[in-house]
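Geometric and topological summary
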Amino acid sequence: MAHAELDRLQACLNIALDTFRKEMDNSQLPPLSQHSSVEHPLDDPTTYLPSTALFEARRLSVACLEELKNLVQSPWDKRMDEMHTAHVVVCADTLIKAGIIDYLSDVPNPSQGVPAAELASKFELDSQKLVPILRCYAASGWARETRDSSFALNRCSRTFIKGHAGRGLMTLSVFMSVIQTVPHWVTESDWKLSHSPAQAAFQIAFKTPLHQFSWVMQNRETVISLSELIQVSNSVRFFSNMSTPSIVADYPWEQLETSVIVDCGGGRGGLVAAILDAHPSFRAVLQDAENVVALTSSIMKERRPRDVESGVLKVEAHDLFQPQPRIGNEYSFILRYVMHNWPDKEAAAILGNVARALGPKSKILIIDMLYVPNVDSTATTSAKSFLPDNGAKRPDCSIPSHFGSASKLAGAFSVHMLATMNGCERSLREWEILVKGCGLRITNVYQLRAHASIIECALDT
């Protein structure tokens, strides 16, 4: 009896894991272990950039594993898993908030584990509540139950220790409130056919006429707490920083014919700083809203005083919905994680303002997730490039064209942007339509060793 899908996915997984193991050895990386009490270099994308082959083999391995799970698992169990994902997230947030994650990271023998009764006594909690929370957390691969009711951190959970980058990815009640409103917004509300950024699930959840950015600014010290504002900021910054090493390494910056890079909505300047470090021949302008640039200016003056004093780096306030003041052949522009926030009308307005400032040699680099729709259940992408011996006889090894369940993050981000601002992650076809409408053409697409891609655009002459 033929088991075509099962055989194909198993063969693809074997190839992916073999390649992953080989590339780990080639990169002189230590073996992965969930029992380790120290982080692995691959755990933090902001500090370690894997080889292209290692990145792709890892992504393919995850895709195959998830597709195998979809194939083998019963629909009932799959739905139950999805329903209880929120419980795992809440468990993580509870353990972080209580201080238990930090405590477990600092015990004398972190691999041995600490009894839940001891944790409950230390933090004045109820052990009968704490044990189910820790077990749920451990069952999802975030901790280890070393013996009955004793728990230790594993390698992955160390990313949530205070001072570590992943700490900024705590879930926020602000986001949860919005997502819970989506079913009503999409199916029943007066705005179910609206594409306005001020008529999304966000406005229903918080009973406001303001779009998300305006609401946060007006309520930064009243409706949401300072700690939540810090978490929002840290989460956004961490997600942006995840792609920075790959952006610097995987785009051919030396081919740009312009001398100045303008980072539109550049936040605290992490990306332009990394580009200037790698390519000191450039000059840079960092633009953002007035409330952002005051902090960014002080950060840049502290961290890059010579660049600021010499004029190599300038920080200026600019509204994306106003005409771009930097005009001509001297400038190329970056829009990183800007466009996905906005519906097509507003996105076209932002992109059009930049397009009208371009010279013939200028480029616009749109950095966003590039969504790959799986238009047909049989549409697949060959995994032959991962085979160690291209001349060897090989079984059919392919994966869905959207890279299987490895694309779940892009789908989830798209729904998040939809719920908060009526925005979305766009496919290449959708980008081509948007770009063409602004008098531009896509000159190249660079897949990064990250969740995003660089969509390079120029004037359509």
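The notes below deal with the structure included here.

Cut-offs used in this document
- Residues numbered from 1 in each chain as written.
- Predicted model: local features only at pLDDT ≥ 70, side-chain atom pairs only at ≥ 80, totals over all residues.
- Heavy atoms only, no water.
- Helix = DSSP H or I, 4+ residues; strand = E, 2+ residues; numbered from the N terminus.
- Buried < 20%, exposed > 50% of the residue type's maximum accessible area, 1.4 Å probe, protein only.
- Contact = heavy atoms within 4.5 Å.
- Areas by Shrake-Rupley, 256 points an atom, 1.4 Å probe, with all protein chains shown as cover.
- Phe/Tyr/Trp six-rings, centres within 6.5 Å; stacked < 30°, edge-to-face > 60°.
- Lys NZ or Arg CZ within 6 Å of the ring centre and 35° of its normal.
- Pairing = 2+ DSSP bridges.
- Core = buried A, V, L, I, M, F, W, Y, C linked by side-chain atoms within 4.5 Å.
- Axes fitted to C-alpha atoms, helices over the stretch in contact; angles between N-to-C directions.
- Salt bridge = Lys/Arg side-chain N within 4 Å of Asp/Glu carboxyl O.

1. Focus: the overall build of the protein
- Helix and strand content of the protein: 17 helices and 14 strands.
- Out of the 461 residues in the protein, the part that is buried amounts to 46%.
- For the protein, the share of sequence-separated contacts (at least 6 apart) that also reach a separation of at least 24 residues comes to 66%.
- Carbon and sulfur atoms form 54% of the exposed surface of the protein, whose accessible area is close to 23,600 Å².

2. Brief notes about the packing of aromatic side chains
- Overall, the coordinates contain 11 aromatic pairs when judged by the stated rule.
- Ring geometry for Trp-142 versus Phe-160: centroids 5.0 Å apart, planes at 45°, classification tilted. Of this pair, Trp-142 sits in the loop between helix H7 (127-139) and strand S2 (143-147) while Phe-160 sits in the loop between strand S3 (150-153) and helix H8 (173-187); the two residues are 18 residues apart in sequence, bridging distant segments of the chain.
- Judged by its relative accessible area of 11%, Phe-160 is buried.
- In this structure, Arg-426 is placed above the aromatic ring of Trp-431, and the distance from its NZ or CZ to the ring centre is 5.4 Å.

3. Remarks on the sheet that holds strand S1 (residues 114-115)
- Across the sheet, 3 strands lie side by side as S1-S3-S2; this open sheet has antiparallel pairing. What marks the edges here is a single partner per strand, and that holds for S1 and S2.
- Here 2 bridges tie S1 to S3, and the two strands are oriented antiparallel to one another. Bridged to Val-114 within S3 is Phe-151.

4. Digging into the nonpolar core
- Among the nonpolar cores identified, the biggest contains 32 residues, and Trp-253, Ile-275, Ile-334, Ile-367 and Ile-454 are the most heavily contacted of them.
- Those elements giving two or more residues to this core turn out to be helix H11 (226-250), helix H12 (270-278), strand S5 (283-288), helix H13 (290-303), strand S8 (364-368) and helix H16 (408-421).
- Per-element tally for this core: the top contributor is H11, with 5 residues.
- Residue contacts for Ile-275: discarding those within four places in its chain leaves Val-248, Trp-253, Ile-261, Phe-282 and Ile-334.
- Membership of the second largest hydrophobic core comes to 28 residues, among which are Val-262, Val-285, Ile-350 and Met-421.

5. Focus on the sheet that holds S8
- The sheet built from 7 strands is open, its strands ordered S6-S5-S4-S7-S8-S14-S13 with mixed pairing. Among the strands making up the open sheet, the edge pair consists of strand S6 (313-317) and strand S13 (440-447). Neighbouring strand axes in the sheet, compared pairwise and without regard to direction, differ in orientation by 20° on average.
- Note that S5 and S6 share 5 bridges and pair parallel. Each residue of the ladder has a partner; that of Asp-288, found in S6, is Ala-317.
- Along the sheet, helix H17 (residues 428-437) makes contact with S8, S13 and strand S14 (453-459), crossing S13 at roughly 145°.

6. Considerations on the pattern of salt bridges
- Per the stated rule, a full pass over the model turns up 16 salt bridges.
- A salt bridge links Arg-155 to Asp-43; the nearest nitrogen and oxygen atoms lie 2.8 Å apart. Here Arg-155 is found in the loop between S3 and H8, whereas its partner Asp-43 is found in the loop between helix H1 (4-26) and helix H2 (52-72), with 112 residues between them in sequence.
- Owing to a relative accessible area of 10%, Arg-155 belongs among the buried residues under this scheme.
- The salt bridge partner of Asp-81 is Lys-69, with a shortest N-O separation of 3.4 Å. Of this pair, Asp-81 sits in helix H3 (residues 75-83) while Lys-69 is found in helix H2, placing the two residues 12 residues apart along the sequence.
- Look at Asp-81 and you get partly exposed, because its relative accessible area is 37%.
- Put simply, Lys-78, Arg-79 and Glu-82 are held in one network by salt bridges that share partners.

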